[in-house]
Every structure is written in C-alpha cells, then in structure tokens.
Amino acid sequence: MRVDGKGRIDRSATRSFSFAGKSYQGFAGDTLASALLANDVRLMGRSFKYHRPRGVLTAGSEEPNALVTIGSGAGQEPNVRATMQELYEGLEARPQNAWPSLDWDVLEINDLISPFLSAGFYYKTFMWPKAFWEKVYEPFIRNAAGLGALSGSDDADKYDKAFAHCDVLVIGAGPAGLMAARMLGLAGLDVILADESWELGGRLLSETEEVGGQAGSDWAAGVAADLGDMPNVRVMTRTTVTGAYDGGIFGALEKVGHHGPVPNGAPRETFWRIQTKRAVLAAGALERPIAFANNDRPGVMTAGAVRTYLNRYGVAPGRKIAVFGNNDDAHRTAMDLQDAGVEVAAVIDSRDDVSVPVDAKVMAGARVVGTKGRLGLREIMIDTGRGVRPLQVDCLAVSGGWNPSVHLTCHMNGRPVWEPSIASFVPTPGAVPGLVACGSAAGDMATADVLASAARVASDIAADLGKSAPTAELPEAEGHVYAIEPLWDAGGKGRAWLDFQNDVTTKDVRQAAKENYASVEHMKRYTTQGMATDQGKNSNVAALAVLADATGRGIPETGTTTFRPPYSPVALAALGAGAKGKGFAPERLTTSHAATVARNAPMIEAGLWYRPSYFPQAGETTWRESCDREVGWVRDAVGVCDVSTLGKIDIQGPDAGAFLDFVYTNTFSTLKVGKVRYGLMLREDGHVMDDGTCARWGDTHFVMTTTTAAAGQVMKHLDYVHQCLRPDLDVSIVSATEQWAQFAVAGPKSRDLLNALLDAPIDNESFPYMGCGPVSVAGVAGRLFRISFSGEHAYEVAVPARYGDSLFRMLVAQAEALGGGAYGMEALNVLRIEKGFITHAEIHGRTTAFDIGMGRMVSSKKDCIGQTMAARPGLVEDREELVGFRPARPTGKLLAGAHIYPLDGDAVRERDQGYITSVAYSPTVGTDIALGFVRNGRNRMGEKLRMMDHLRGEETLVELCDPVFVDPEGGRLRG
Amino acid sequence: MVKLIAKSAAEGLLPVEVAGVRVEEIVAPLASLSPFQGQDAALGKALKKAHGVVLPKAGQITQAGEVSCHWFGLNHVMLMGAAPDASLAKVAAVTDQSDAWCRVRMTGEAARDVLARLTPIDLRDAALPVGATARTDIQHMSGALTRVGEDVWEVMVFRSVARTLVHDLTTSLETVAGIAEMRSA
Amino acid sequence: MKISCPICGDRDIREFTCMGHASMLNRPDPHAGAKVWNEYLHNRENPAGVIDELWWHGQGCGAWLVVTRNTVTHEILGARLARDVKKEMRDAG
C-alpha cells in the first residue's frame, strides 16, 4: 500500500512493469520489491527445498527470498534480488522455483514430507543401492536443485572489466562513508567512493532522523554534491565491492545496465579491479531476524526493511503491522509507522521493562512464537509469559539486532571478534592490511558515533598518507545508546527458520550438533546453512548462536565460518568479461595470412599463431590429397612456406659467442661469419629444451632461430641465463621475430625461383649449404639463409615484415610457374618426418641429447647449461632411443601415441619397449612412416615388433629402421 | 622489374573513431638500442650528437623534433622517427624494429577510460604524466603505453597482433561510449 | 597481488611469472659433484614465512627479480634485480 507524503519516489513518473504475467504500476525510484509491495503483492517466490511461499524479508542486497528472473530469451537473468532491481518502464519479472504457478506449486509437497528432508537428508537417503546413484538419485537431485534457470543460450549481453587506481577506496556511502570520503577528498587524496545503491546516503535514506539539523537524506545529498565537485573523488554508484585481495586490490561489480534499456555498446556490468593504498570499510550493518515457528511467511520482514519501504519508497508493507524485537532500534519502526498513519497493532519486546512512545499496545517480556496464513501472514501467536494469544496482523517487523558487515575484513583469513555490547561480531583491526572499518561496520550503532568514528579513521588515513585532513566538524546527529538483549530462538511449535534461502531451521542445526557435527564448519556443510547465494548474511550469526546453545559452548568459542569473496553474487560473465570469442586470446597473424586465407587454406593454431594446414586445389576432396601433392612439389620442384613464426633473436655484443657457447651444447664462438650452425639447447637437468639454427651475421652479431612453440620460452631462458647466471657477459638479447617475414623456399628448383627475384643471382659458391648473408630482394634489403627442414635444397628468405604479404604472393606465383606452389603445416610435417628431423613431438621434455642421437653434440670442452646433469648415470645408457618405424606390410597403419611391444607375450606396461611420436603417410616412400623411441633402439635396426594402440584398438607389425627415410646421404641438401 | 609493396601493420584497420576518440596508426622507423656494458653515457652522447635526443631514464621518453627515444625495458631504449646513425652501433646493440611493432595513437578525452579496460597499470596523472612510458600488459599482449599529450596516448604491440589490438580497442571504445550514453539518458 | 619492480614501480601480478626459488642463482661449478648438483636442482626450502624467489617481469621491463615475500601473509617485502644480486654473490666469492 502506498503511503501519501512519504518516500523518495517520483510520483510524477509512473513505471509499468509485469510480475508473474500480471501488469502493475510503480514509480521512478522504486525497486521491484517496493513496487510489488505497493501493489499489495506479498508472495514473491518459493523457497529452495520445501517450496514454501515466500515474500520479501529485507530491502537490500542480503535478500534471501525475493529472487526473480528478469527478461526472457538469451538475455534472461535468474536470481535477481527484487530488493535491488530498480524499476523501469517495461520491466518483466518472473517468479522462480514454482510450478505451475506461484500460488499453486506442486513441489509444495516437499513441505509436507519435511520430516524426511532434514539436515543430512541427502547423505542418509541416497546411499543404496549403489547402482541407483547415477540413474536415479543424481538426476533427481539435479532436477530439484538450483534456484532459477539459465536460458541455455549464449548470453547475448556485453560484460565489461576495468582497472581503477586510487589512494583510498571508501566502501559504502552511508553516513560513515560520506563523512570519510568528504574528509579524504578535502585532504587532496584520490578517493573512490563505491555504493551498491543508485543513490548515496545508505541508511539515512531509510530513516527519519536528522543530521546536522536537516533531514538525514538532505545531509547526504549535500555531501554527495560536495563530492561531485571534487575532481579527485570518483563516486561509483550501483557498485558493490565484492572482495578484498592481496596488495590493496579490491574487486567491485558495477551494475551499469540493469536499470533500463541498454544502448548499443554499453555493458550490463563492469567488473572493477581497484588498486588502492588504503581502504575504509563503511559498509554498515545488516539486520538479523529472530527464529520462531513459521517465521518465514510472506509479510514477516526485518524492522529496518519496513522503515526502508515506508521512508524511502512510501510503501506500507501491511495495513496492520506488529513489531517484534529485542532492541531499541526496533521501536523506531513502530514510531515511523505511527507517524505515517499506518496502524501499529502491537510492539512486542522480549526484554522486560521497555517503554515505547507509541499509542500501540507495548508487550514487554513477550515473544512471537508462531504465525498463520497460507500465502501470506494473517495472524501471529504471542507468548506473553502468561500464555499464548493470537493477534491479527498482515505484516510483522522483526529485529534481532544488527550485524556489522564484517565480510570484507575476513577475506584474507581474518576472523571477526565477538562484541557482547551489541551481541554481534566486529572486525579484527588489521585483518586486511590497509583496510579500516568505521561506522556501524565497526560496531558503532548511533549515528553520532558513526560520524565520529568515520572522521577519526579518515584523518588517521590522511595523516598516514602524508596529507592533513581538515578538522572535522561533526554534524549533530542521534546519539542514543543501542540497547539489546540477545534473542536467537523465540521457540514455538513448528519449524523456525534461520537460513530462508536454503531452508535451514533451528531443528536442523540442533540435529547437526546431536549427530556430532558440532564444529561450525561441519554444521554449515551438514545443514547447508549459509551456503546459498546470500551466503548467510541474514542467518549465520543466529545459526551459530543456536549451535553454541546446542553444544553448551559460548558464541566466541563456537566461532564463525569463513567469509569468502564475493560479498554478493557476481555473474561469471562479469568475471570473464572481455574474454569471450575473439577476446579470449590474442591472435597472431603472419604477413601471408590474407593471401593464405584467400587460397582457402584451413588455418590451425600453433600457440597464438595461425598457420595454414594445407592449400586445397580444385578437385581435391581430402586433406591427404592436398598434402601429398604439396610434398611432391617440394621433392620434385619447389614449395613455399611461411616460417615467420619461428623465433628470431638478435644476439649482439663482445661476449655474444661466449654466451652462445654457454646456452648451446655445441660451440658457436668458432662459427665463421656468413655461416649457420644447428644448435641444441638443454635444460639445466640435462634434457633437451629446444633446437634450431644460429647464424653468425657479424663478428659480434648472431641471429638465433627457435622453434615456433618454444620461441617465448627460449627468449625467457636466454634472459634468465644472462641476468641470473652470467651478468658478467657483455651481450644484448633482443627479439626480432616480428621484424622479419621469412619464407622457406624448398625443392630442387628453389634457387631458380630465388634468382628470379634477387637483384644479384646466387650460386652454390656464394650460398653453399649452411651459408647466410644479406641479399637484395626486388630492391629490398633482406636476409638469406641456406637451411633446410625438408631435406631438399632449400633456403629461407627474409624481408622486413611490411613486404611480407607482397613477397609471399610473388614467391608463390614464381613457384607455380616452376611446377610447385605454397605448402602448409601438414606437408611440412611429412617432409621433416621423411628426413628424420625432430620437433617438440620428439623433444617433449623427457628426452636427452643422447636419446635423439645427438649425444656427441654436447661438447665436453666447455661448460654449458645442462652439460653436467646430461652426463649423469641413467641419462646416457639403457635409454629409449630415437628410431624410425615402417609397417612390416605396406598397408600397415602407424599411429602416434601407440606403444611398442615384443612380438611374443602380452602387450602390457611391464613389457613396453617404447612409443611412437610422429606419424605420416609418406608419398615418397609409399607407406606410413613414423619416428619414435625404442629401448636401445639404435642397436635393434631391422627388428620386428608389435605396435599396439590400446586406446584406438589398433595393432600393427612394425620394423625398426633408421629415422632418415629420404636421402640419408644428404646429397639433395647440398645440390 | 618486380617490386615489393609495403603494407603497414594496421593497414586497412585504422583509423577508427568512436564518440570523439580517434585511433590512428603511426608509421615511422624504429630501432632498439641496448648499450654495451658501461656504455650508457657513450650511447647518450652518440644519441644526442646524431639525433638530438637524450637517453631517456626508465619510464620516460625524450624528444627532438620528429625524433623521439622511448625507454623500452631493462637496458633497452627505442629510437623512433629516424633510422639509427651508424655511430650508435659502436656503443650499443642496434636492431631494426621498424616492422616489428604496430604503433597506434589514441586521442580523445575518454581515451583513458578506454585504456583502463585494457591495461592494469595506473593511468592517473601522477603515475603516468605526459612524457611517461610503460611496458605493460595490454589485454594479454606484451605492449608499450606512452602518454604523449594530455589526452593523447600511444600504444605499441607486436605487429602480428595488430588486428587483435584494433578489435580490443574498438570494443572498449564502444563500451565507454555506450556507458556515457547510458549515464546521460 | 602486486609487486614493486625496482625499475617500473608497483605493478599488477599479472605482469610477472614466478620462476622458483632464488637459489637457482647459485649455480655450482660443473665439477662440484653429483651431491651438490642434486641439491641445486631438486631440493628447495619450503618455509612457512619469508622466502626469496625469482620472478620474471615478462609483461613489463623484462627484468628477472629476486622477490622476497612471506608465504603466510602474502606480503611482498622487497624486490631487487637478479643481476645485481648475482653480481654481489660473485664479488663475495
């Protein structure tokens, strides 16, 4: 029911919306919850386990009951708290966890069988028969579990992430946050003030009290205006600080686009990572309900929430309202209601000797012990101490006291401490370095104390950061003492709820204690107390008080469970913002990418690079056809392949040679200028790290190439060796990978091709095998290396990357004129396997130089990384050695990953002889060929063994052979 | 006579302009310079003599007309806008990087908000004033970020990721513009 | 988490990679013997408390750092250039 003259809503701006298919009207400034209450809608959802009818319990982000789904289709969002959802024109909300309708829900049956669904029910019930688990129990549980539902479609909305930096982050913009932010801002510090609401003021927007001689909300508006004028203060509304992390980093979720239509490009939410020197926790306190029988009916809500609906939204949540509490704060609700002309039926206070200045009946020393009303509160039962009597009300405002919002102070393992004077936990100072709590988050309950503690904290922080805050003029504010006598469980006949969202009752907690789940962490998991999306904000303290009572311990001894981020739920889409689709990882494209894609080559990922798999031609129907053709081109004519992805590292300086001698197993200081040498790099443990070539470009200038896969790792390794092990060496290491577009030109006609493009032709004299030097490529200064990864007469030609696209097109056109063309990764792989060249399939991290037949490349004349450990026993004898495999029959199929066994006996692990690493169909040989490792394989050439692929169920008889299948003498290379 | 055609790193991708923020490519010679041991002062002298720029301190850039020198990492600066003079190679390792980087300039009041979505570093005036530069993470890419004017920023990433950079910048430009529109509504 | 790089200042953890114990700086002589090498390569102190580690500022200036941090509180107590630490070790013999 709307109350005239109350609230901060704009009554001139109506907003139409729908809930559960029915249309309603509210006003700008309403939340969905306040607008529904204004329309006398009390039933807003069904509970998780028992499907009990539920209404709104709170007016904030701690709401456990009023969870709805907003929107439909791909963009639908489940579990939106109606208390936080700002009303906008056309808002569509649907209830959850109810079928077929909110009023009549089939699974309400769960409530009747509740004696069977108590704590530990899953553990006890779904035990046997064992076979039932997968087929019956799990599908049943999954079906019943979960609140709300995802659309099942890809989320169409945009989410955003961003970083922010400040000197002080102020968390919460109630009286404490506003006070602190203004002082810190005036001190000249960079301040971020974050609040989860769209309006600054916090509780001041919900109360009628005065601050500084004016309405509290007006004071807040004044401070907000001051802050808006300070360029060093950034106010972030609709932003919840969700977590405190190491090093002064806080996570915060800004709801950018939940309060109206979202324009193109704008996100729903921004997840902020805020880096700050100091933080002020001014998050206030949350009111807790009291457990009593059937305390979960729609119409039962916290006393503070009733004031919020009345004072902020101009809504009376009932027509006849009773107030039940154990503290003075609850009385304000009765007074505000009375002042607003709403009927107060009774004020029930569990304490003796209380007086409340209201006309209503005040019942001291009394308790509410039961309720009636199927879909909403109709009647409460009051135990007056002299018997139980009913009272007809449609709303009950309950206050069990206030819990300071200590959550963020506990995110780095801190535990709060019990403060008896307010019967709650307060933050442990210093629990999160740099974070200080003030105001009611620190346990100060009167507004005057809140403002004073905020001012104190702000001036301390300012001084700490070398600034002086202006002397705080504390505005006059309410200073009454917050008097409370703990009351957790008022009793009554029937279940009394603690955790409304997960349907945990006092009985469940007592049962857990009885079954010896007496530790608070065990109780939590056994009962699921506090494990719903509200994380027990309304119920944890009461639950552990009940546990303390049941186990005969005090509350401080019982302790709290662990508070973990996030403070309130964060969509995974927000955490993963920017990482969807193309944002997932950068795409590294070669200069030949456009021309390659234009030729319809399927692209494969090689790390972050994209490289062509093969270049299909008209009439080819399988990749093998294309691949075989491309292999043939290289063997018989000429092929062109972009090899720019290989790492290219410039190594320069007087000690460049000495440095290379230390990182490579073989010697490079003796290499002549204009020559290239194959090099092998070990890890310090003696296993192979990478291989590649290194060219001597000048006296003090080498150009190293690495494999594509290990380019980053090798660069890091070289920096490590230089900075950490040999800073004495005068050498500079710079990656030039991206500077050069480099193409392999391979095949018997490779030189013919190059001579058509080079300004000065080359011959075998000027560019012998393993020679290198500068060349002029169609007028552009380039580099030429005579190296081969195919076993053919081959070169790699490099030009500055700006010319890469052009040179690739030219090389391919020339190659095609000579009966060849572009080749891709598949052909490259076949060519290198035919030649017995290794890749990271072979140097996979567990192989040594000895294993790959390069033991002699580890020079014993000098120290190098890995040399000592490569020589240790176990790495140089009785090893699995690199060999080639052929199928014994030409049609035999070889498979990478298959293992090798003796001909006789079982193919079991104990008899394993080795494994296959690389397989190709060789068009040159005419059969499958493979590389791999076999124990003492180099001495077993010609031996027949069994290849077993246990996964794919394939078996082939294989013959061990030399790993070089084509041109073992190397005549073609030198051609 | 065949002729190779040059293409810049972000050819065909830039310029882009969204809600008053403009992103354009800068093409100019780049050379990384890494002084040999004990040659920092000598490199500074050679730079000054040949190109008129001083050797920048860590996190700084120096400028003389069209030529600038950006600090670029440990023991490493980048000469921009001129081909390095031969005298530099006597005291420093010189590597041509003209084609290795994609260099873009972003101009506009909201540029800082755009960058705040892509890099974790502090972009406030005190941390990154005009003339300051940083090597940092640009949306998972190894990059360099330089403040060249009040609302003018330069971003450099490897050439191969130019398309990703333009995609990420464009997405963030649209985000920032969309948020501004939402706020003004 | 953040690390204060001696060259770049305070930087987000995502720019760094942890590369293991700083004892890697203390590479033995090639002929130091199997026991010493085994110790160097495989055995690490794993204290609940202060530890020196190698971190690589790979998405930043490229420096290798010796970072001192507390494994219990996650507090970063300091960071130095590894090359400076190594030079000091050499000078100290």
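### Some thoughts on the overall build of chain C
A count of helices and strands for chain C gives two helices and six strands. Taken from N to C terminus, the helices and strands of chain C fall in the order β-β-β-α-β-β-β-α. Of all 93 residues assigned to chain C, the portion counted as buried reaches 37%. Considering only residue pairs separated by 6 or more positions, chain C has 50% of its internal contacts joining residues 24 or more positions apart.

### Things to note about the packing of helix 16 (residues 623-636) of chain A against helix 21 (residues 825-834) of chain A
Residue and element names in this part refer to chain A. Contact geometry of helix 16 with helix 21 gives a least axis separation of 8 Å together with a crossing angle of 55°. As far as their axial angle goes, helix 21 and helix 16 are oblique. In the crossing of helix 16 with helix 21, the sense of the turn from one axis to the other is right-handed. Here Trp623, Cys627, Glu630, Val631 and Val634 of helix 16 lie close against helix 21, whose contacting residues are Glu826, Ala827, Val830 and Leu831.

### Here's the deal with the domain arrangement of chain A
Residue and element names in this part refer to chain A. Structurally, chain A comprises domain 1 (159-285 + 404-464), domain 2 (292-376 + 389-398), domain 3 (488-558), domain 4 (593-644 + 739-833), domain 5 (647-735) and domain 6 (879-975). If you average the C-alpha positions of domain 4 and of domain 6, the two centres end up 29 Å apart. With 14 residues of domain 4 in contact, the opposing surface of domain 6 contributes 14 residues. With five residues, helix 16 is the single largest residue contributor to the side of domain 4 that touches domain 6.

### Thoughts on the interface of chain B and chain A
Across the contact, 43 residues belong to chain B and 49 residues belong to chain A. Going through the elements one at a time, strand 3 (30-35), strand 7 (92-96) and helix 3 (162-184) of chain B are the ones with two or more residues in the side of chain B that touches chain A. For the side of chain B that touches chain A, the leading source of residues is helix 3 of chain B, giving eleven residues. The residue makeup of the side of chain B that touches chain A, split by class, is 17 nonpolar, 14 polar and twelve charged.

### Overview of the interface of chain A and chain C
Each partner contributes residues to the interface: chain A has 18 residues there, and chain C has 20 residues. Here the residues of the side of chain A that touches chain C sort into six nonpolar, five polar and seven charged.

### Side note on helix 6 (residues 216-228) of chain A
Residues and elements named next belong to chain A. For helix 6, which comprises 13 residues, the first-to-last C-alpha distance of 18 Å matches the rise-based estimate of 18 Å (1.5 Å per residue) to within 8%. Among the residues making up helix 6, those that are buried are Gly216, Ser217, Trp219, Ala220, Val223 and Leu227. Projection of helix 6 onto a plane perpendicular to its axis shows the buried side chains occupying an angular sector of 155°, all on one side. Exposed residues on helix 6 whose side chains face more than 90 degrees from its buried face are Ala225 and Gly228. For helix 6, the secondary structure elements touched by its buried residues are helix 5 (175-186), strand 9 (191-194), strand 10 (210-211), strand 11 (214-215) and strand 12 (233-236).

### Observations concerning the confidence of the model for chain C
The predicted coordinates of low-pLDDT regions are not to be read in fine detail. Residue-level pLDDT values for chain C average 95, and 100% of them are 70 or greater. Model confidence for the complex: the whole-complex pTM is 0.94, and ipTM, which rates the interface, is 0.98.

### Focus: unusual backbone geometry
For the peptide bond that leads from A:Pro565 to A:Pro566, omega is 0°, which places it in the cis range. For A:Pro566, the location among the structural elements is in the loop between helix 13 (555-558) and helix 14 (572-575). Looking along the chain, the bond that leaves B:Leu14 and enters B:Pro15 is cis, with omega of 5°. Positive phi values are uncommon outside glycine, yet A:Ala423 reaches one of about 50°. Secondary-structure assignment places A:Ala423 in the loop between strand 27 (417-419) and strand 28 (424-426). A:Ala423 sits in the buried class, given 22 other C-beta atoms within 10 Å.

So, how was this worked out
Residues numbered from 1 in each chain as written. Chains lettered and ligands numbered in written order. Predicted model: local features only at pLDDT ≥ 70, side-chain atom pairs only at ≥ 80, totals over all residues. Helix = DSSP H or I, 4+ residues; strand = E, 2+ residues; numbered from the N terminus. Buried ≥ 20, exposed ≤ 12 C-beta atoms within 10 Å, placed from the backbone. Contact = placed C-beta atoms within 7 Å. Axes fitted to C-alpha atoms, helices over the stretch in contact; angles between N-to-C directions. Parallel < 35°, antiparallel > 145°, perpendicular 65-115°, else oblique. Left-handed = near helix turned anticlockwise from the far one by under 90°. Domains from an automatic or database assignment. Nonpolar A, V, L, I, M, F, W, Y, C, P; charged D, E, K, R; others polar. Expected span 1.5 Å × (residues − 1). Arc of directions from axis to C-beta. pLDDT = per-residue confidence, 0-100.

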